[in-house]
Amino acid sequence: MVAFSQLLSTLLLVFVVLTSCGQAFSADAIEADQTVALFINASEALAKKIPETMFGVFFEEINHAGAGGLWAELVNNRGFEAGGSNVPSNIDPWSIIGDDTSLVVSTERTSCFERNKIALKVDVLCDQEGPNVCPAGGVGIYNPGFWGMNIEKGKSYKLVFYTRSSGSFDLTVSLTDSTGSQALADKSSSFSGFSNWTKIELTLKANETNTNSRLQLVTTRKCVIWFDQVSLMPIDTYNGHGFRKDLFDMVKNLKPAFLRFPGGCFVEGEWLRNAFRWKETIGSWEERPGHFGDVWMYWTDDGLGHLEFLQLAEDLGALPVWVFNNGISHTDEVETPNIVPFIQEALDGIEFSKGDSSTKWGSVRAAMGHPEPFNLQYVAVGNEDCGKPNYLGNYLKFYSAIREAYPEIKIISNCDASSRPLDHPADLYDFHIYSSASTMFDAAHRFHGKSGDRPKAFVSEYAVTGDNAGKGSLLAALGEAGFLIGLETNSQAIEMASYAPLFVNSNDRRWSPDSIVFNSHQSYGTPSYWMQRFFIESNGAMLHKITLESSLSNTLTASAITWKDTEGKQHLKIKVVNMGSNVVKLQISIEGLELNSLQPFGATRTELKSNNLMDENSFEIPNKVVPLESPMDDVGDEMDVIVSPHSLTSFDMLISLSNAEIKSLGSGYVAMMKKDRWCQKSSCTKWKDNEQPSR
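Procedures and definitions
Residues numbered from 1 in each chain as written. Predicted model: local features only at pLDDT ≥ 70, side-chain atom pairs only at ≥ 80, totals over all residues. Heavy atoms only, no water. Helix = DSSP H or I, 4+ residues; strand = E, 2+ residues; numbered from the N terminus. Buried < 20%, exposed > 50% of the residue type's maximum accessible area, 1.4 Å probe, protein only. Contact = heavy atoms within 4.5 Å. Areas by Shrake-Rupley, 256 points an atom, 1.4 Å probe, with all protein chains shown as cover. Disulfide = S-S within 2.5 Å. Polar contact = N/O pair within 3.5 Å; in protein donor to acceptor, adjacent residues only side chain to side chain. Pairing = 2+ DSSP bridges. Axes fitted to C-alpha atoms, helices over the stretch in contact; angles between N-to-C directions. Left-handed = near helix turned anticlockwise from the far one by under 90°.

A. A look at the overall build of the protein chain. A count of helical and extended segments in the protein chain gives 11 helices and 38 strands. By the burial criterion, 58% of the 695 residues in the protein chain qualify as buried. Of the contacts formed within the protein chain by residues at least 6 apart in sequence, a portion of 75% connects residues at least 24 apart. Approximately 28,500 Å² of the protein chain is accessible, and the part contributed by carbon and sulfur atoms is 49%.

Below you can see the structure in the form of C-alpha cells.
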C-alpha cells in the first residue's frame, strides 16, 4: 500500500513538472481555473504568538562553507599541516616555482608552535651569480588558495608569515595571476637573516583585479629559508571579524533568530579522532593545529573556531546553538562509564561561551578580545546519534551535569519525539527531514495537534533533496515553503527551524542542494534561499486563524500573520503556496480588524515563480528565480487576488496608518481607500503594474 501510494505521488509529481514546462504565467493576464475562499480572523483574541526563535540558520563546515568560504582566509593549508604530522609530507596545494636544480622543498617538524610542528624548508640551490644562477623571476613557492584567490583592485590584504634562515636572503612576496606572469601587488625586502623564528607582517595593495590569483614567495639568493603559518586576509572583512562580507550579508539578510553550529556530521567525525574539538580551535590562529574533517573529506585550519562561531552569531543578532560531540562518531563510541572527560569538555565550552571573565575559560575568551559573555541559551548533545548503543546513557550523563551547572540552558536531544514520547528528559528534540517536494509539502501536517508542552521540536535540518531538487530548484523551494507554513501553523509545538546546508563552494559540492552558492568572487541564492526570505517577519509574529475552503488541500496552503516593524507599525502578511498547475482566484475575507484599517499605501504582492518548476539560479543567471514585487491593486477586508501556478506568493499590507504617519510622508499625499488609486491633492493616477507611486 505504501509503495502504491509512493508511485501515485511520483506520477503526480511528473505530471506537475511536465505541465509546467515552457509556460509563463501572468496573474493579471489569465483567468482563474479555480476559485478558493480564504477566511482570516485577525482578532488578537484568537491569535497565537510564533516563537521569537522560530526561523534561523544552520552552519556546518561542509562544501568548504567556512574554509574557502565565509571565513575570509585566502591561503589554503597555511600551516603546512594538512599532509599529516609525519615527515616528509604532502604540502598540497602549495607548489614550487623552479625545478630541482634550483631548489628543494621539504617538510620538517621544526616549527616554533607546539601544537602544529610542521614547517616548510626551502633549500635554495641557485644564486645571483656563479654556475647556477637563479631565474630572473626567482624561485620559491606559491599558494593558489581555494580554487583561486579573489584579489580586487584598490583593496588591501594583510600578509603574515613566520620565517627563519641559514643566512641573509632577499624575498619578494607578490599576488599574481594564476600563472605568476602578472603581478597584482608585490613587495621586496632584503634580510640579514633570522636564526630564530620571526614574524613578518606586510600589507599588499592590489593594482589590478583577478579572481583566480595566487600568493608567491620567491628569492634569488642561495640560502635555506624556513616558512610557517602563512596567512593572507583581506583587510575588508565584516566588522574586522574575518567574515567574507558578501556571504555574511546574505546570511544577515535572512534575519536569523539563531545560529546552529558547527555541524552536523562535522561534529561527529567518521572517527572520533577527527571530530571537531572546540579547545583545539581557540587561542591565536597560529597555535591552532587544524584537523581533517573525515566526513566531508577536507582539511580545515580552524581559523573559524569556537570563538568565531559565537562572534558570528552575535554579529548576526542571532542566538548561538552549540552542537557538541557526546563521545560518538559515525564509527566509534565512548562507553558511558568512560564519558566523564567528554562531559567536562562540554562544561568547559559552555563556560568559555557564557562564563564571567573571572572564570577559567571565561578569562580565556576575554583574553581573545571578548570580555563580555555570549548569550548561549541552547546546546545540543550530539547530532543524529539517537539509537546508537551508548547515546542514551551518555545523553543522561550530559543532561544531569549541564542541568546542575547551568539550569537556564535548554538541552536538545537527538531523539525524535514527533511520533512517540521521549523516554528521557529534554527541553527540545531534534527533527531532520530530507525528502521529495511532495513529501515535504505533506509534512506540513507532521506536527498537527501536538501540544505546546515540552519537549518542543527543533527542526534543525530540512530540505527537499533528490531528483526534485537538482542544485536548487523552484519545485524544491515550493515544497519547503509549504512545510514552513505548516510549522508556523503548529508553532505551539515547535521552537526553531533551519534549512540545511547553508553554503556550498561550487568547486567542492559535497551535498546538494544548498541555500547559498559561491566561488572565489561570486555568490547567489538558490530558490530555497529566497523562499526563506518570505518568512523573516514570522519570528515573534502573531499567527491568525484561517480557513481555506478548497478541494486543493494537497497543492494549496496558506497562513496569515501580523508583525511590527522597527518603527512599531503593524503589518498583515498573507502567504500562499500553490504547488498545483491551476491559476487560483483567492477570495480573501478578513475579520477582526478595525473597519478600513488596511492601507493601500505601500501594499505589495511578492511572487516566487518561474517558467519551469525545475528552474535554478546560476552564476550566469543568478536572478532567474527570485521574488518579484509589485503593488497591490485591491486592498480591503474583502479582496480578490490571483495566485499563479507553481508559486509562493505573499500579500503585505500596512495596518492603521495614522494621520501623523501620513503627514510624515509629505503634506501633499493622502492615501485613499479607492481601488487602483494613488492620489496627490486632487489629481489621481492609476498605478501601472511595474510602477510604485512617487513619494
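Don't stop here, the text continues.
B. Region of interest: the state of the cysteines. Tallied over the full model, the rule gives 2 disulfides. The residue that forms a disulfide with Cys-126 is Cys-134, at a sulfur-sulfur distance of 2.0 Å. Between Cys-126 and Cys-134 the disulfide shows an S-S torsion of about 95°. By sign, it is right-handed. An identical accessibility class is assigned to Cys-126 and Cys-134; each is buried. A disulfide bridge connects Cys-386 with Cys-415, and the sulfur atoms are separated by 2.0 Å. When the S-S torsion is 100°, as for the bridge of Cys-386 with Cys-415, the disulfide is right-handed. Remark: Cys-415 occurs in the loop between strand S20 (410-413) and strand S21 (428-435) and Cys-386 occurs in the loop between strand S19 (378-381) and helix H7 (391-405); sequence separation between them is 29 residues. For Cys-386, a relative accessible area of 39% translates into the label partly exposed.

C. Here's a closer look at the side chain of Asn-414. Here Asn-414 is to be found in the loop between S20 and S21. A relative accessible area of 8% places Asn-414 in the buried class. At 2.9 Å, the side chain of Asn-414 forms a polar contact with the backbone oxygen of Gly-382. A polar atom in the side chain of Asn-414 sits 2.9 Å from the backbone nitrogen of Asp-385. Ignoring any residue separated from it by four or fewer positions in sequence, one finds Asn-414 in contact with Val-381, Gly-382, Asn-383, Glu-384, Asp-385, Cys-386, Tyr-391 and Asp-430.

D. Molecular detail of the pairing of strand S31 (residues 584-591). Relative to S31, strand S1 (residues 34-41) is paired through 8 bridges, and the arrangement is parallel. Among the inter-strand pairings, Ala-37 is bridged to a residue of S31, identified as Gln-587. In this structure, S31 lies alongside strand S34 (residues 638-643), joined through 6 bridges in antiparallel fashion. Of the residues in S34, the one forming a bridge with Lys-585 is Ile-642.

E. Up close: the packing of helix H5 (residues 340-354) against H7. Running from N to C, H5 and H7 point in directions that differ by 35°, and their axes come no closer than 10 Å. As H5 runs across H7, the sense of the crossing is right-handed. Of the residues in H7, those touching H5 at Phe-342, Ile-343, Ala-346, Leu-347 and Ile-350 are Lys-397, Phe-398, Ala-401, Ile-402 and Ala-405.

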